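Structural features, examined
Each chain is listed here by its residues.
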Amino acid sequence: MEYAIEMLNITKEFPGIKANDQITLQVRQGEIHALLGENGAGKSTLMSILFGLYQPDEGMIKINGKEVQINDPNDANKYAIGMVHQHFKLVHNFTVLENIILGVEDTSMGFIKTADARKKVVALSEKYHLNVDPDAYIEDITVGMQQRVEILKMLFRDNDILIFDEPTAVLTPQEIDELMHIMKGLVKEGKSIIFITHKLNEIKAVADRCTILRKGKYIDTVDVASVSKEELSEKMVGRKVNFNVEKGEAHVGETVLKVENLTYHPKSGHKEVLKNISFEVKRGEIVCIAGIDGNGQSELVYALTGMVPTTSGHVYLNNEDITKMSIRHRSDHGMAHIPEDRHKHGLVLDYSLAENLILKSYYKPRFEKNGFIRFDEMNKYADYLIDKFDVRSGEGRKSIARGMSGGNQQKAIIAREVDSDSDLLIAVQPTRGLDVGAIEFIHSQLVAHRDENKAVLLVSLELDEVMNVSDRILVMYEGEIVANLDPKTIDVKELGLYMAGSKRGEGYE
Amino acid sequence: MNSFKNKVVSLFKKEGSKSVISSLVAIGMGLIFGLIIILIANPGDALSGFKLLLTGGFYKGAKSLGQVFYLAVPIMMTGLSVAFAFKCGEFNIGTPGQYIVGAFTAVFVALKCTFIPDSILWIFCILAAGLAGALWAVIPGVLKAFKNVNVVISCIMCNYIGMLLVIEGIKATIYNPTGAESYAVPASKAIPTFGLDVLFPESHINFGIVIAIGLCVLAYIIMNKTTFGYELKACGYNSDAAKYAGMNEKKCIILSMAIAGFFAGVGGAIAYMSGTGKTLPISEVLPNEGFNGIPVALLGFNNPIGVVFAALFIGYINVGGNYMQSLNIAIEVIDIIVAAIIYFSSFTLLIKMFLNKRKSKKVKIEEGGHE
């Protein structure tokens, strides 16, 4: 069997952790090969080795049967390996064409020649049905289109081995379908694809074979057609995973959060981002704000948590008007917040894990004495949370947050916020980018919080999460709440109509 | 054996030791550069001169060492000022202004507040100078906190405003027309030595060195042990996260600048209250001690304790440089060499970045891979 790529017995060690331990990955010519694993399983490290960003401690790489040495990304390009990174590497105020030729541009007498490149880009775009306008500016096109530009970039460089690093994380359901279609078209033309993901549905939909990693070790390579989703997830996590969120009936109690006619009009912007929003969240329920990204969900959370001043309207927490109160006041009076952007808001990345775990309670008597931090108490508490929430890192509580994997950073934030014993937990996309094991855990924490007779306000873009976790769904569209729905009486398709703005719920006409 | 090796490896990977190594490399590079200059300028006396430069701090025994301490104090304080603000995320390039404003205030209080007995006057002088420096640093802090004005720009402007105000202040109050400068603080009102002059005879050492080191230790404790320091550092590392956690980031910026200014102001007071007859000039020049705080802070990797050693090192080199004049090496050449060494110390960060390069590369990829 001819393999396009063989990575044999790759081992790579970092201080405190063996990221790759004797991993073998063999990708056939013309297949979509999924690379499946939890956060921190070693997928990224393995791909970084293939892309020349790291050198393996042991093992060898063969391309088309020949052993090669890949020292840097230029070498990778030489061997026709291209990668679509999860965060696109595009220049926003350049056109599509300019971005594609960036780094390999043809010049004559110091001037860039674009005519040939344009022909090639247009031809490629047609061949693979990418429908990309070469003269559009990146900042004007959708995220899905930007991803296609990244794909075109690889094709333009005649790459034969294409690595897609969690390509669907940023896409809408329709865009995901289209991407799958494009990927299938690419392999039909003889390209080989490595598809990094932890979404099992997508693997079942598009991949031919799948290699599973767990905690830096090679577990198995399987034919996707011959295994079930459950088997895949069991191999990935190492135990049976429950896809259904286990939860009993909601026992709804008194109102915790009440929002009245909330409006937010940013000083710099020209339009209202939040329009006349009113809703309530009661004890014992999980209310989910659903909607397509960018319809005002983030701003709503900023307004509720006090991170932006509201223009008009009122917010009540436990019957206290907190509209003008500080962030500290809100968190002291029972509001916990798992922020959307864990690097920008959730963590001080240069602080240790322990220091991050007391980020919102360092000033309380438990951790402060006469102005001094009680480090012994901090360490004790950090160890307790690390143990309770299974936060994994190289050096325990002393680990610098920056060096931790995304999933464990998120777990640390969740540990801090859930354990703060708040009446209202606001969780914004708490499972974004996490694997099924971590998602299961986080969902169970949200449900447990609800079952302690506390309120949860969940903002999510994942329809599965919206449908499975919530007790009530509020749909946001263009800064308004357009529907108040019961997940038991509605299906995903209908929810999609509300999210797209083509339908409005009762009482919201 | 293996565990010993691991320990050594982990020692080298520790953030602190990496800082020390990079500082030492920077100093080494500066010294080599200095040697090259002296070889070009004075080949004949080069080696003996260079030896003098390196051993000057001990050249005349305790006296030289005392001079090292004396010269280290002002830059220790301005270095601490830069380092403290830097930990809080602000680049305080306003130390020359804060330093000179503090110096003027100290001299003014010393000469004018005659109702305070001489024996305790110096305490008031130092406190007043610190407050003046703090006030001067608060201006850029407030501008930054409420109007988001770049601290570097407002600090530079405050430097010149401060210097010119001081010149006018001298002319109006404590002007000595015979020297076209301020009056000096008489030895009777100077900071006492508390016996340090016995340990280091004939040198200009005084209690200021103890105050300076004490303030560095105090700054270290504030930074690393208190909730206040925890807040300041959080604001410096990530002001968005600090805000999210309910900290008042405006307060953090203003207070950190105020404290930094206090340190620089105290530095000015100690320099002019040493009973050496040092006077405030009325020429429009910003004091070197202020700017030299920046390399001191960099060489001390912005750690208050590191600043102590960095300032002592630069004081040491300066003393050695002074003795080189005995070999008839032009003072300009000496100044170039000393400046080169100080200049190279600023590369500490660059060297540290180089050491960190591989590590940060790895972290970046891991972040990118998981987000």
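Residues numbered from 1 in each chain as written. Chains lettered and ligands numbered in written order. Predicted model: local features only at pLDDT ≥ 70, side-chain atom pairs only at ≥ 80, totals over all residues.

The cut-off we apply is this: UniProt positions are given in the numbering used here, feature names are shortened, and annotations may be inferred rather than shown by experiment.
Chain B is annotated in an unreviewed UniProt entry as Nucleoside ABC transporter membrane protein of Longibaculum muris. Check the Subcellular location (unreviewed entry) section of the UniProt entry for chain B; it says "Cell membrane".

Under the annotation held in an unreviewed UniProt entry, chain A carries the name Nucleoside ABC transporter ATP-binding protein and is attributed to Longibaculum muris. Check the Subcellular location (unreviewed entry) section of the UniProt entry for chain A; it says "Cell membrane".

1. Observations regarding the overall build of chain B
Rules: Helical segments are the DSSP runs of H or I of at least four residues, strand segments are the runs of E of at least two, and each set is numbered from the N terminus. For the radius of gyration, the atoms used are the C-alpha atoms, and the globule rule reads 2.2 Å times the number of residues raised to 0.38. The burial label depends on the number of other C-beta atoms within 10 Å of a residue's C-beta. Counts of 20 or more mean buried, 12 or fewer mean exposed, and intermediate counts mean partly exposed, with C-beta atoms placed from the backbone. Each residue gets a C-beta atom placed from its backbone, and two residues are in contact if those atoms lie within 7 Å.
For chain B, the helix and strand inventory stands at 16 helices and 2 strands. For chain B, whose C-alpha radius of gyration is 22 Å, the value lies close to the compact-globule estimate of 21 Å for 371 residues. Buried positions account for 53% of the 371 residues belonging to chain B. The long-range fraction of contacts in chain B, counting pairs at least 24 apart against all pairs at least 6 apart in sequence, stands at 78%.

2. Remarks on the overall build of chain A
Scanning chain A from N- to C-terminus turns up 17 helices and 24 strands. Overall, chain A is about 70 × 50 × 50 Å in size when its C-alpha atoms are taken along their principal axes. With 509 residues in all, chain A has 46% of them scored as buried. In chain A, once contacts between residues fewer than 6 apart in sequence are set aside, the share between residues at least 24 apart is 67%.

3. Section: the interface of chain A and chain B
How we decide: Each residue is assigned to one class: nonpolar for Ala, Val, Leu, Ile, Met, Phe, Trp, Tyr, Cys and Pro, charged for Asp, Glu, Lys and Arg, and polar for all the others, Gly among them.
In this complex, chain A contributes 39 residues to the contact, which on the side of chain B involves 24 residues. Elements with a minimum of two residues in the side of chain A that touches chain B: helix H1 (43-50), helix H10 (327-332), helix H11 (342-346), strand E20 (372-373) and helix H14 (406-418) of chain A. Residues belonging to the side of chain A that touches chain B are distributed by class as follows: 15 nonpolar, 16 polar and 8 charged.

4. Re the sheet that holds strand E14 (residues 274-282) of chain A
All names here are of chain A. Worth spelling out the cut-off: Any two strands are treated as partners once DSSP identifies two or more bridges connecting them. To get an axis, fit a line to the C-alpha atoms, keeping to the stretch in contact for a helix; angles then go from 0 to 180 degrees between the N-to-C directions.
A sheet is described by the order of its strands in space; here 4 strands give the open sequence E14-E13-E16-E17, paired in antiparallel fashion. Two strands close off the open sheet at either side, each with one partner strand: E14 and strand E17 (320-321). Its contacts with the sheet place helix H9 (residues 297-305) against strand E13 (255-264), E14 and strand E16 (312-317), and it is angled at close to 65 degrees to E14.

5. Some thoughts on the domain arrangement of chain A
All names here are of chain A. Selection rule: For every domain, the bounds stem from an assignment made automatically or drawn from a database.
Looking at chain A, the domain boundaries give domain 1 (3-237), domain 2 (254-334 + 423-509) and domain 3 (342-421). For domain 2 versus domain 3, the distance between C-alpha centres works out to 26 Å. Counting residues at the interface gives 10 residues for domain 2 and 8 residues for domain 3. At 4 residues, the largest contribution of residues to the side of domain 2 that touches domain 3 is made by helix H15 (residues 436-451).

6. Digging into the environment of Asn484 of chain A
Residues and elements named next belong to chain A. Tracing the backbone shows Asn484 in strand E24 (residues 480-485). Remark: the alpha-carbon pair of Asn484 and Glu231, spanning 253 residues in sequence, is separated by 37 Å. In this structure, Asn484 is in contact with Arg472, Leu474 and Gly505, ignoring residues within four places of it in sequence.

7. Considerations on the packing of helix H14 (residues 304-324) of chain B against helix H15 (residues 331-345) of chain B
Residues and elements named next belong to chain B. Here is the rule we go by: Roughly parallel means an angle under 35 degrees; roughly antiparallel, over 145; roughly perpendicular, 65 to 115; everything else is oblique. Each crossing gets its handedness from the near helix: less than a right angle anticlockwise from the far helix is left-handed, clockwise is right-handed.
Two elements in contact, H14 and H15, have axes whose closest approach is 9 Å; the angle formed by their N-to-C orientations is 165 degrees. Here H14 is positioned roughly antiparallel relative to H15, judged by the angle of their axes. Along this stretch, H14 crosses H15, giving a crossing that reads as right-handed. Contact residues: Ile314, Ile317, Asn318, Gly321 and Met324 in H14; Ile334, Ile337, Val338, Ile341 and Ile342 in H15. The residue makeup of the contact of H14 with H15, split by class, is 8 nonpolar, 2 polar and no charged.

8. Concerning the packing of helix H5 (residues 95-112) of chain B against helix H12 (residues 249-272) of chain B
Helix-helix packing is characterised by the crossing angle of the two axes and by the distance between the axes. All names here are of chain B. Across the interface, H5 lies against H12 with an axial gap of 7 Å and an inter-helix angle of 50 degrees. Classified by the interaxial angle, the pair formed by H5 and H12 is oblique. Crossing of H5 against H12: the hand is right-handed. Where H5 abuts H12, its residues Thr95, Gln98, Tyr99, Ile100, Val101, Gly102, Ala103, Ala106 and Val107 lie against Gly261, Ala264, Gly265, Val266, Gly267, Gly268, Ala269, Ala271 and Tyr272. Here the contact of H5 with H12 is built from residues that sort into 11 nonpolar, 7 polar and no charged.

9. Focus: the environment of Leu474 of chain A
Residue and element names in this part refer to chain A. As for its position among the elements, Leu474 is in strand E23 (residues 472-477). A count of 25 C-beta atoms within 10 Å places Leu474 in the buried class. C-alpha separation for the pair Leu474 and Lys120, spaced 354 residues apart in sequence, amounts to 47 Å. Apart from residues lying up to four places away in sequence, Leu474 is in contact with Phe279, Val287, Ile289, Ile481 and Asn484.

10. Some words on the pairing of strand E4 (residues 58-63) of chain A
Residues and elements named next belong to chain A. Pairing between strand E1 (residues 3-14) and E4: 5 bridges, direction antiparallel. The residue bridging Glu6 from the neighbouring strand is Lys62, located in E4. Relative to strand E5 (residues 66-68), E4 runs antiparallel, the two being bridged by 3 bridges. Bridge pairing links Ile61 to Val68 in E5. From the end of E4 to the start of E5, which pair antiparallel, there are 2 residues, and Asn64 there has a positive phi angle of about 50 degrees.

11. Structural notes on H1 of chain A
Residues and elements named next belong to chain A. Taking burial as the measure, the 8 residues of H1 include 8 buried ones, the bulk of the element. Among the residues of H1, those classed as buried are Lys43, Ser44, Thr45, Leu46, Met47, Ser48, Ile49 and Leu50. Backbone geometry just after H1 places Gly52 at a positive phi near 85 degrees.

12. Section: the sheet that holds strand E18 (residues 335-338) of chain A
Residues and elements named next belong to chain A. Ordered by their spatial adjacency, 6 strands build an open sheet running E18-E21-E22-E15-E23-E24, and the pairing between neighbours is mixed. Edge strands, defined here as strands with exactly one partner in the open sheet, are E18 and E24. Averaged over all adjacent pairs, the angle separating strand axes in this sheet is 20 degrees, with direction ignored. Sheet topology places strand E15 (residues 286-290) next to strand E22 (residues 455-459); 4 bridges connect them, and they run parallel. Among the inter-strand pairings, Ile289 is bridged to a residue of E22, identified as Val459. Contacting E15, E18, strand E21 (424-428), E22 and E23, H9 runs over the sheet at an angle of about 150 degrees to E21. H15 rests against E15, E21 and E22 of the sheet, and its axis sits at about 150 degrees to E22.

13. Regarding the pairing of E15 of chain A
Residues and elements named next belong to chain A. Among the 5 residues of E15, 5 are classified as buried, and the element is accordingly described as predominantly covered. Burial of the side chains of E15 extends over both faces: Ile286, Cys288 and Ala290 are buried on one face and Val287 and Ile289 on the other. Here E15 runs beside E23; their pairing, made up of 4 bridges, is parallel. Note on E23: the bridge partner recorded for Ile289 is Leu474.

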